[in-house]
Amino acid sequence: MTIAPLSKSKPLKTKLSHTAVFWIGFCVVMALLIVAPLVLPEYWRRFLTKILIWGLLAMSSDILIGYTGMVSFGHSAFFGLGMYGAAAALLIVSPPNLWLAILFGLGGAAGAALFVAYFSTRLRDIYFAITTLIFSQIFYVIIFTWTEVTGGENGLIFSRPHFTIPFLYDARFSTATLHWFVLAVVAGSYVLLRRIMRSPFGMVLQSIRENEARTRAIGYPVERYKIVAVMLSGLFAGLAGVLYAVQNQFAAAEFVFFTTSGDTVIFNVMGGIGTLVGPIVGAGFFQLLRELLSRIFGDQFPYLIPLGMIFIVMIIFLPQGLLGFARRWLNR
Amino acid sequence: MDAVAHFFQSIPVDLLIIQTVNGVVTGMILALVASGLTLIFGILDVVNFAHGELFMLGAYVGVLVLTATGSFWMALVLSALIVALLGAAIQIVTLRPLVGRDPLNTILVTFGISLILQNYALWQFGPVARKIGEPITSYFNLFYLTYPWYRILIAALSAAIIGGFWLFLKYGKYGVWIRATTQDRVMAQAMGIPVPMVHTAVFAIGAAMAAASGVLFAPLVGVNHTMGLDWVLKAFIVVVVGGMGNLGGSIAAAIFISLLEAYAAIWVDPSQAVIVSFVVLILTLLFRPTGLFVPTPK
């Protein structure tokens, strides 16, 4: 009789502590990131903000890579369209408005995502990867050659909008407030995406990853779920593009080139796919390593050679990424 | 009727013929690149993202051998051999451990390899394009142009390499091994064919074909570290349009797409003419997702 309640309460307890641990960890990391701009020097403040933005882009692509099992090589298109959408809003409307930029950016990314999703979700696995890659190149060629509108090779330059909350607050962005704004957006996106991925919708996506034929046999309209997944992913990638445009005050065609998508995939694999936080960790790891290498060996050092090697070694020996590795190591 | 007649009169026939020749020439080089890619995919289940970089490295090795020996043909052969060895090494070190894993892993790994090779080329050779002289400098007259014989030679050589390879697949002992491995890996293994060796050899052959096309193509535009990107994208389009893993389909698609791009370049800027091949790809995916040049699966 004494054994029964013990065995009953034990799993309950570990389950409770698991979510508790998660939220405690979340709060600690958030607190650190909130305090960071107050202690870090200017350069590293910007650096951290940039990592968060790249992390958001990588996290958006994790919806496809990690949860739905589709590797997208086309996220540069969504990122770039978000960027150029924001640029359009900031250049056309004066005074430049932050929320309008976000709206335009999301609109641009959604348009691109709808176009890509409609065609490429008909295909699976590597075919999906290749078609998303080629679709992103379509956007690249259009943006690169349509010089009158997009500025072509030179890109577009614009001023940063004020940080406004209607009727409440209106001020210029400092690097600290920009960091907090980006942090709020990224953290909000994370919490939202985590919720979505744990909802019935997210469960269907994961079942598509595990066994597409069976998911279809159960009666889920797999294609429609995939289209929504690509659009969701594209929207958040576009949001990252808007943030990047606001931070750096320019939009350039090179970001639409597929190497950006490649970086996104690298962040995912390095950090650990299917975790949402992993890609952010991966982005941080990649950028820090890159910074470190160029500080030690100079700016001319081809940092992508050692990073590419690390990437390959990780795919072969550590396919679950840094976070997956850490998790397994902690559980042991 | 008048408008129609006017339209036909406005088509520049001489330009069309020139662009047809141009299209076939680039189509044959593209076919050589794409057949290596489709071969590797068909037999190894590997989407070789680094194929363009093998093309680019082939061109660079060609430049080095050419400056050392002065012979273009020596450069062609040596470059193909060296890149084949490199390809074999890449396959053994990075792709062998992935056998049996999701094919998506191979696209990631080869993407990493392409990053490494491209940045190595940039680091080693610098951003300035290298020039190679054409081995044959004679010309013939094509309307108002003096057209280099060398381009015709490229097309002929590419066709010869592809044809030779096809004969090897069809009649050579090791060619039969390769085809057997394509059809049924497990059964081939059971029959005593060393399947891992066949895989390595196929990757090496594909790499050699990419390198050879790199050397052949180098005199037309010069060699730089980003030239592989363009070609790998085009080759991907060709391979999908022609039907993944289908050698004949890729060759047909390569020529088809190059011709279309060449014709489009009459009216729009060549950098925009690429969009034509994208459109072909989209239409193919919509209506014939298994490829344009394969019989409809029943």
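Refer to the structure presented above.
Since the model is a prediction, treat every value here as computed from it, not as a measurement.

A. Looking closely at the pairing of strand β1 (residues 139–142) of chain B. All names here are of chain B. Sheet analysis places β1 next to strand β2 (residues 145–148), joined by 4 bridges and oriented antiparallel. Residue pairing for β2: Phe140 is matched across the bridge by Tyr147. Remark: 2 residues form the turn of the hairpin made by β1 and β2, two consecutive strands paired antiparallel; Phe143 in that turn has positive phi of roughly 50°.

B. Structural context of the interface of chain B and chain A. Contact with chain B, which involves 37 residues of that partner, is made by 38 residues of chain A. Here chain B packs against chain A, burying approximately 3,500 Å² in sum over the two surfaces, 89% of which is carbon and sulfur. Inspection of the region where chain B meets chain A yields 0 salt bridges. Elements represented by at least two residues in the side of chain B that touches chain A include exactly α4 (72–95), α5 (103–125), α10 (227–242) and α12 (270–287) of chain B. The leading source of residues in the side of chain B that touches chain A is α5 of chain B, at 14 residues. Partitioned by chemical class, the residues of the side of chain B that touches chain A number 30 nonpolar, 6 polar and 1 charged.

C. Structural view of the environment of Thr145 of chain A. Looking at where Thr145 of chain A falls in the secondary structure, it is placed in helix α5 (residues 125–145). Thr145 of chain A gets classed as buried once you look at its relative accessible area, which sits at 17%. Distance in space between the C-alpha atoms of Thr145 of chain A and Ala253 of chain A is 9.5 Å, their sequence separation being 108 residues. The residues contacting Thr145 of chain A, other than those within four sequence positions of it, are Ser271 and Gln272 of chain B.

D. Seen up close, empty space enclosed by the protein. Residue and element names in this part refer to chain B. Across all of its chains, the model carries 2 cavities of 30 Å³ or more by this definition. Computed from the structure, the largest cavity encloses a volume of approximately 40 Å³. When residues of the lining of the largest cavity are assigned to their parent elements, the largest contribution, 4 residues, is made by α5. Size it by volume and the second largest cavity reaches roughly 30 Å³. Around the second largest cavity, the lining residues are Leu37, Phe41, Val46, Val47, Asn48, Phe236, Val239 and Met244. If you list the elements that add at least two residues to the lining of the second largest cavity, you get α2 (13–44) and α10. Taken together, the residues of the lining of the second largest cavity break down into 7 nonpolar, 1 polar and no charged.

E. The arrangement of a nonpolar patch on the surface in detail. Residues and elements named next belong to chain A. A cluster of nonpolar side chains, contributed by Ile34, Val35, Leu38, Val39 and Trp180, occupies part of the molecular surface with about 470 Å² of accessible area. The element contributing the most residues to the nonpolar patch is helix α1 (residues 3–39), with 4 residues. Positionally, Trp180 belongs in helix α7 (residues 175–198). Judged by relative accessible area, Trp180 falls into the partly exposed class, the value being 30%.

F. Spatial organisation of the nonpolar core. Among the nonpolar cores identified, the biggest contains 205 residues, and Phe73 of chain A together with Ile107, Leu108 and Phe236 of chain B are the most heavily contacted of them. The element contributing the most residues to this core is α2 of chain B, with 15 residues. If we ignore the near neighbours within four places in the chain, the residues touching Phe73 of chain A are Ala129, Thr132, Leu133, Ser136, Phe258, Ser261, Gly262 and Val265 of chain A together with Phe49, Ile107, Leu108 and Phe111 of chain B. If you look at the next biggest cluster of nonpolar residues, it comprises 5 residues, including Ala84, Ala88, Ala204 and Ala208 of chain B.

G. Highlighting helix α6 (residues 149–171) of chain B. Residues and elements named next belong to chain B. For α6, with 23 residues, the first-to-last C-alpha span of 32 Å sits near the 33 Å given by 1.5 Å per residue. Residues of α6 that are buried include every one of Tyr150, Ile154, Ala155, Ser158, Ile162, Phe165 and Leu169, and no others. Elements in contact with the buried residues of α6: α2, α4, β2, α7 (173–183), α9 (195–221) and α11 (247–267).

Reading the values: rules and limits
Residue numbers restart at each chain and count upward from 1, following the sequence in its written direction. Chain letters start at A and ligand numbers start at 1, both assigned in the order the entries are written. Restriction of local features to residues with pLDDT of at least 70 applies here, the model being predicted, together with a cutoff of 80 or more for giving and counting side-chain atom pairs; totals for whole chains, interfaces and linings are based on all residues. Values shown for side chains rest on all heavy atoms present in the structure; no hydrogens or waters enter the calculation. Only strands that DSSP links by at least two bridges are regarded as paired with each other. Put simply, DSSP H or I for four residues or longer makes a helix, DSSP E for two residues or longer makes a strand, and each gets a number counted from the N terminus. Contacts: residue pairs with any heavy atoms within 4.5 Å of one another. Buried area counts how much accessible surface, traced with a 1.4 Å probe, disappears from two parts once they are put together, with both parts' losses summed. We define a salt bridge as a side-chain nitrogen of Lys or Arg found within 4 Å of a carboxyl oxygen belonging to Asp or Glu. Throughout this entry, Asp, Glu, Lys and Arg are counted as charged residues, while Ala, Val, Leu, Ile, Met, Phe, Trp, Tyr, Cys and Pro are counted as nonpolar. The remaining residues, Gly among them, count as polar. Think of it in three bands: residues with accessible area under 20% of the maximum for their type are buried, residues over 50% are exposed, and the middle band is partly exposed, with areas taken using a 1.4 Å probe on protein chains only. Cavities and pockets were defined on a 1 Å grid built from protein atoms only: a cavity is a group of points that admits a 1.4 Å probe but offers it no way out, a pocket is an open group of points flanked by protein on both sides within 12 Å along at least five of seven lines, and a lining residue is one with an atom within 4 Å of any such point. Grid points are joined across faces, edges and corners, and a volume is the space filled by probe spheres set on the points. The patches described consist of residues with a relative accessible area above 30% and no salt bridge, like charges being joined within 9 Å and nonpolar side chains (Val, Leu, Ile, Met, Phe, Trp, Tyr) within 5 Å. In these tables, accessible area is a Shrake-Rupley quantity obtained with a 1.4 Å probe, and a residue counts as shielded only by the protein chains included in the view. In this text, buried Ala, Val, Leu, Ile, Met, Phe, Trp, Tyr and Cys residues form a nonpolar core when linked through side-chain atoms within 4.5 Å. How far a helix is expected to stretch is found by multiplying one less than its residue total by 1.5 Å.

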